[in-house]
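What follows is each chain in one-letter form.
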Amino acid sequence: MKRKGAQIIWEVLVQQGVEIVFGYPGGAILPTYDAMLDYPIKHVLVRHEQGAAHAADGYARASGRVGVAMATSGPGATNLVTGIATAMMDSSPIVCITGQVGSTAIGSDAFQETDVTGVTLPVTKHNYLVTRVEDLAPALKEAFYIANSGRPGPVLVDIAKDAQIASMDFELDDSPVRLPGYRPDLRAMAEEYEHAVDLIQSAKRPLILAGHGVMMSGAMNVFLQFVEKTHIPVAMTLLGLGGFPASHPLNLGMMGMHGEAWVNSAIQKADLLIALGMRFDDRVTGNLETYAPNAKKIHIDIDPSEINKVVKVDIGIVADLKEALGLLNSAVPEIKYESWIEYIDELKGDSAVRDIQNLPDNNHLYAAHVIHDLWRITEGNALLVTDVGQHQMWAAQYYKHEQPRKLITSGGLGTMGFALPAAIGAKFAKPEEEVWVIVGDGGIQMTQAELCTCAQEEIKINIAIINNGYLGMVRQWQEFFYERRYAATPLKSPDFVKLADANGLRGLRVERRADVEAAIRQAQELPGTVVIDFRVEQEDSVYPMVPAGATLDAMIRRPNPISESALSD
Amino acid sequence: MTNHNGNQKNGDEKQTLVLYVEDKPGVLNRVASLFRRRAFNIESLTVGHTDLEGVSRMTIVLDADDDIAIRVEANLYKLVNVLRVENVTHTPTVDRDLALIKVKATIENRAEVLQVCDVFRARVVDVATDALIVEITGAEDKIDGLLDVLKPFGILEMVRTGRVSMTRGSETPTIHPEFVPARVPEENAS
Ligand SMILES: Cc1ncc(C[n+]2csc(CCOP(=O)(O)OP(=O)(O)O)c2C)c(N)n1
Ligand SMILES: [Mg+2]
């Protein structure tokens, strides 16, 4: 059958199971937009292409399916870049389709021409420039395959306008892609597993470091079995949260810069670290020279380039975690490490007393209170999408996740502005979920244009703005490390209630703890997207904190109100 | 400067990698971009066709120790167009570099220059009234040696290709390995 390139694009998308595309049209992608109307794929018009990439990313993280973003050439494509880089750092499978100027004009500085494959080369898993209609279907199929296999990641397909317009005889076939150079390289050998089992058996103080990989490989069940068989306590990375139930007695909580104090101390004391689908980011290791000095290390990851990248390990196993844990489960004996677990319990020490939840009520509204109440009221079942900053860390600390794919946050790149568009994508992936956005007054202003996308699409999400009047996380660094010189962090915001209103949404404002619950419940009941402006304590800080580059257990702690002078107001 | 990819101690180690890549536009750029963004140090990179259609071959000489070379290799495999990487540093190889050297040669000293070239088995490929172009192929140190002795005559221009390497013996690398499909995780699988 004769098909235009533009039609081939949609046919392959339908074949790949794509139901929704987030995008923004323009000249170079116009033939494709024109053909879209004839295919059963929903399009969501974002207000900025960055939002399209984040929405595709949020969609992918919530569902495990590939998210798709579309944009025109030049500025449309460059606007995607932040979203692509965000997806790259967090291994999120998205496919971005961009229009390019006509193939004969490429290289001539034509109107809205940008070398998009060049620009995105370092922030994509792979990318394509398609100039001939014949190459279109193979490139798109490969893009989906590459995005969602092995270690997932973003793939961009840049399509010259004439390739969208040209026709060819086209028959959709389901022949598998054949990429001779693409071999997610799973080299683990039997001896490596045996050696790992030996290390586990001889350890006295073992600790598991569980990352995003647990969720991405769908290894939650085998992982649970592994933990219940070995009784090894588990520390989580930010992106790992949800991969193992927060309420499980062996789940110690989050590690790293704003991790639990006892977790970081336990890492420093451990004699064996078993790192699963995580990559020793500097935000979780602190100073590498003093990191876990007594520990042997086993690292299982699907990406061979992660092994020995920053932390030298004793055993590196390159494998899909689900398979690797299946093998380990059948090889490890039942073990118990009672004294080690008792010791970790002791490490918890006065942490509970320092917890802001337990401080005497001083009539101030703290972000941690808001998030704790949200967790309580939603019974831990909401799909939470956070932005980047203090509120993100409080969300990680105080909203306890039992299930995977229910905390969506920009970890590796730390992209402010991520939350709202990512939540739109997540909501389309999981329409039945109760979606809550936790976002700062700074971050919401970066992508607040997408409020109107929520209105246009008539979707229901709830947006909790943790409004502290500052770029809070940066302010905190200034407080701790720059003598409280608040350079460029005090922040004026629009009236968020009016802003919601102007976008055709409902806005609420909360200034006292006593009103938090009622507002959350009201938001749950109102039909459309609701914005809640939580006016929280302005100069609160996230504790504990490992200063960047410090040894992991050298933490700044929230003052203990009993032994130290009480937190003043 | 040092970073996590290199420390002074291992600073003068060299590694030779042989790469087979798909001969597609932009592949050289992908390889070069990888080295730049991961801060791996390239000493030389050569690229050319092979006897196989659609396959190019690169020889890359790196400033790196064995551990870093393993990571470079792992990173190269992540490039979809890279078919095979061989680290030949510790394998017997034939290594060749080619140089063209334009050297001053007056009527008076031309014979002397020619004599030096002869000792090094270099060939004269162009003769002008006051200069010669000398072509030499060999391992890098041999070329360095010729350059040293030609320097006093006056080197006007010089170009080197960088190292190309081939392992000795009859073995040939398999560059079209079985395509192993990767697992695509099922949606929300547990
Ligand atoms: C795009 C982008 N620009 C700058 C930063 C640096 N940064 C990290 S946290 C932060 C402050 C965020 O402020 P806000 O959104 O109000 O959240 P808060 O920390 O106050 O909760 C900034 C500026 C970033 N992460 N992303
Ligand atoms: Mg703020």
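All of these numbers come straight from a predicted model, not from anything done at the bench.

### A word on the overall build of chain B
From N to C terminus, chain B includes four helices and nine strands. For chain B, with 190 residues in total, the buried portion stands at 42%. Counting only contacts in chain B whose residues sit at least 6 apart along the sequence, the fraction spanning at least 24 positions is 74%. For chain B, the computed accessible surface area is about 10,700 Å², with 51% contributed by carbon and sulfur atoms.

### Quick look at the nonpolar core
All names here are of chain A. Grouped together as the largest cluster of nonpolar side chains are 104 residues, with contacts concentrated most on Ile-200, Ile-208, Leu-209, Phe-223, Ile-267 and Phe-534. Take this core: its biggest share by element is six residues, from helix α16 (residues 367-377). Two domains each put at least three residues into this core: domain 2 (190-348) and domain 3 (353-535). In this structure Phe-223 touches Ile-208, Ala-210, Val-214, Val-234, Gly-243, Phe-244, Leu-276 and Leu-325, once residues within four positions along its chain are discounted. Among the nonpolar cores identified, the runner-up in size contains 50 residues, and Ala-60, Leu-156, Ile-461 and Leu-505 belong to it.

### Re the packing of helix α3 (residues 49-63) of chain A against helix α18 (residues 419-429) of chain A
Residues and elements named next belong to chain A. Between α3 and α18, the least distance of the axes is 6 Å, while the angle of their chain directions is 45°. Our classification of the angle between α3 and α18 gives oblique. For the crossing formed where α3 meets α18, the hand is right-handed. Of α18, the residues touching α3 (which contributes Gly-51, His-54, Ala-55, Gly-58, Tyr-59, Ala-62 and Ser-63) are Pro-421, Ala-422, Gly-425, Ala-426, Phe-428 and Ala-429. The residue makeup of the contact of α3 with α18, split by class, is eight nonpolar, five polar and no charged.

### Focus on the coordination of the magnesium ion (ligand 2)
All names here are of chain A. Each protein donor to the magnesium ion (ligand 2) is listed here as Asp-441 (OD), Asn-468 (OD1) and Tyr-470 (O); together their distances run 2.0 to 2.1 Å. The motif formed by the donor residues of the magnesium ion (ligand 2), counted along the single chain, is D-x26-N-x1-Y. Here Asn-468 lies in the loop between β18 (462-467) and α21 (472-481) and Asp-441 lies in helix α19 (residues 441-447), a separation of 27 residues in the sequence. With a relative accessible area of 5%, Asn-468 lands in the buried category.

### Some thoughts on the sheet that holds strand β11 (residues 251-254) of chain A
Strand pairing in a sheet relies on backbone hydrogen bonds, with the paired strands running either antiparallel or parallel. All names here are of chain A. Pairing is parallel in the open sheet, where six strands are placed in the order β11-β10-β9-β12-β13-β14. Edge positions in the sheet fall to β11 and β14 (315-318), since each of these pairs with one other strand and no more. Averaged over all neighbouring strand pairs, the angle between strand axes comes to 15°, with direction disregarded. The sheet contact formed by strand β9 (residues 206-210) and strand β12 (residues 272-276) spans five bridges and is parallel. Opposite Ala-210, over in β12, you have Leu-276 as the bridge partner.

### Some details on the environment of Ile-424 of chain A
All names here are of chain A. By secondary structure assignment, the location of Ile-424 is in helix α18. Placed 16 residues apart in sequence, Ile-424 and Gly-440 show a C-alpha to C-alpha distance of 17 Å. Not counting residues up to four positions away in its chain, the partners in contact with Ile-424 are Glu-450, Thr-453, Cys-454 and Ile-459.

### A closer look at the sheet that holds strand β3 (residues 42-45) of chain A
All names here are of chain A. If you walk across this open sheet you meet the six strands as β3-β2-β4-β5-β7-β6, and the pairing is parallel. Two strands in the sheet have a free side with no partner beyond their single neighbour: β3 and β6 (126-130). Direction aside, the axes of adjacent strands within the sheet are offset by 20° on average. Pairing between strand β4 (residues 67-71) and strand β5 (residues 94-100): five bridges, direction parallel. In the sheet register, Val-68 faces β5, and the bridge partner there is Val-95. Of the strands in this sheet, β2 (20-23), β4 and β5 are in contact with α3, which crosses β4 at around 170°.

### Focus on the pattern of salt bridges
Inspection of the entire model under this criterion finds 36 salt bridges over all chains. The residue Arg-484 of chain A makes a salt bridge to Glu-539 of chain A at a minimum N-O spacing of 2.5 Å. Here Glu-539 of chain A lies in the segment after β20 (530-535) and Arg-484 of chain A lies in the loop between α21 and α22 (496-502), a separation of 55 residues in the sequence. With a shortest N-O distance of 3.6 Å, Glu-157 of chain B and Lys-102 of chain B are connected by a salt bridge. Here Lys-102 of chain B lies in strand β5 (residues 93-104) and Glu-157 of chain B lies in strand β8 (residues 155-160), a separation of 55 residues in the sequence. Look at the salt bridges and you will find they share partners, linking Arg-151, Asp-303, Glu-306 and Lys-309 of chain A together with Lys-78 of chain B into a network.

### Digging into a nonpolar patch on the surface
Taken together, the side chains of Leu-100, Val-125 and Val-159 of chain B define a hydrophobic patch exposed on the protein surface, amounting to about 220 Å² of accessible area. Looking at where Val-125 of chain B falls in the secondary structure, it is placed in strand β6 (residues 123-127).

### Quick look at the site of ligand 1
All names here are of chain A. Taken together, the neighbourhood of ligand 1 is formed by 17 residues, with Gln-390, Gly-414, Asp-441, Gly-443 and Gly-472 sitting nearest. Between ligand 1 and the protein, one listed contact pairs an oxygen atom with a side-chain N or O atom of His-391 at 2.8 Å. Measuring from an oxygen atom of ligand 1, one finds a side-chain N or O atom of Asp-441 at 2.7 Å. Within the complex, 77% of the 580 Å² of free accessible area of ligand 1 lies under protein. The element that contributes the greatest number of residues to the shell around ligand 1 is α19, accounting for four residues.

### Some words on the domain arrangement of chain A
Residue and element names in this part refer to chain A. In terms of domains, chain A is made up of domain 1 (2-169), domain 2 (190-348) and domain 3 (353-535). Taking only C-alpha atoms into account, the centre of domain 1 sits 37 Å from that of domain 2. In this assembly, seven residues from domain 1 lie in contact with seven residues from domain 2. Summed over both partners, the interface of domain 1 with domain 2 comes to about 580 Å²; 57% of that surface belongs to carbon and sulfur atoms. Counting the surface domain 1 buries against domain 2, the share from its top three residues, Met-89, Asp-90 and Arg-151, is 67%. On inspection of domain 1 and its partner domain 2, the count reaches two salt bridges. When the shortest N-O distance is used, the salt bridge between Arg-151 and Glu-306 registers 2.8 Å. Where domain 1 touches domain 2, the interface holds three residue pairs in polar contact (both at pLDDT 80 or more).

### Topic: the domain arrangement of chain B
All names here are of chain B. Per the domain assignment, the segments of chain B are domain 1 (1-91) and domain 2 (94-164). A straight line from the C-alpha centre of domain 1 to that of domain 2 covers 29 Å. Joining domain 1 to domain 2, the criterion identifies zero salt bridges. On the surface where domain 1 and domain 2 come into contact, there are two residue pairs in polar contact (both at pLDDT 80 or more). In terms of residue class, the side of domain 1 that touches domain 2 is made up of one nonpolar, four polar and no charged.

### Observations regarding the state of the cysteines
Residue and element names in this part refer to chain A. Tallied over the entire structure, the rule returns zero disulfides over all chains. Cys-452 supplies the cysteine sulfur nearest to Cys-454, a cysteine that is in no disulfide, at a spacing of 9.0 Å. Judged by its relative accessible area of 1%, Cys-454 falls in the buried class.

Conventions and cut-offs
- Residues numbered from 1 in each chain as written.
- Chains lettered and ligands numbered in written order.
- Predicted model: local features only at pLDDT ≥ 70, side-chain atom pairs only at ≥ 80, totals over all residues.
- Heavy atoms only, no water.
- Helix = DSSP H or I, 4+ residues; strand = E, 2+ residues; numbered from the N terminus.
- Buried < 20%, exposed > 50% of the residue type's maximum accessible area, 1.4 Å probe, protein only.
- Contact = heavy atoms within 4.5 Å.
- Areas by Shrake-Rupley, 256 points an atom, 1.4 Å probe, with all protein chains shown as cover.
- Core = buried A, V, L, I, M, F, W, Y, C linked by side-chain atoms within 4.5 Å.
- Domains from an automatic or database assignment.
- Axes fitted to C-alpha atoms, helices over the stretch in contact; angles between N-to-C directions.
- Parallel < 35°, antiparallel > 145°, perpendicular 65-115°, else oblique.
- Left-handed = near helix turned anticlockwise from the far one by under 90°.
- Nonpolar A, V, L, I, M, F, W, Y, C, P; charged D, E, K, R; others polar.
- Donors = N, O, S within 2.8 Å, 3.2 Å for Na, K, Ca; no water.
- Pairing = 2+ DSSP bridges.
- Salt bridge = Lys/Arg side-chain N within 4 Å of Asp/Glu carboxyl O.
- Patch = residues over 30% accessible without salt bridge, like charges linked within 9 Å, V, L, I, M, F, W, Y side chains within 5 Å.
- Near = heavy atom within 4 Å.
- Polar contact = N/O pair within 3.5 Å; in protein donor to acceptor, adjacent residues only side chain to side chain.
- Buried area = accessible area lost by both parts, 1.4 Å probe.
- Disulfide = S-S within 2.5 Å.

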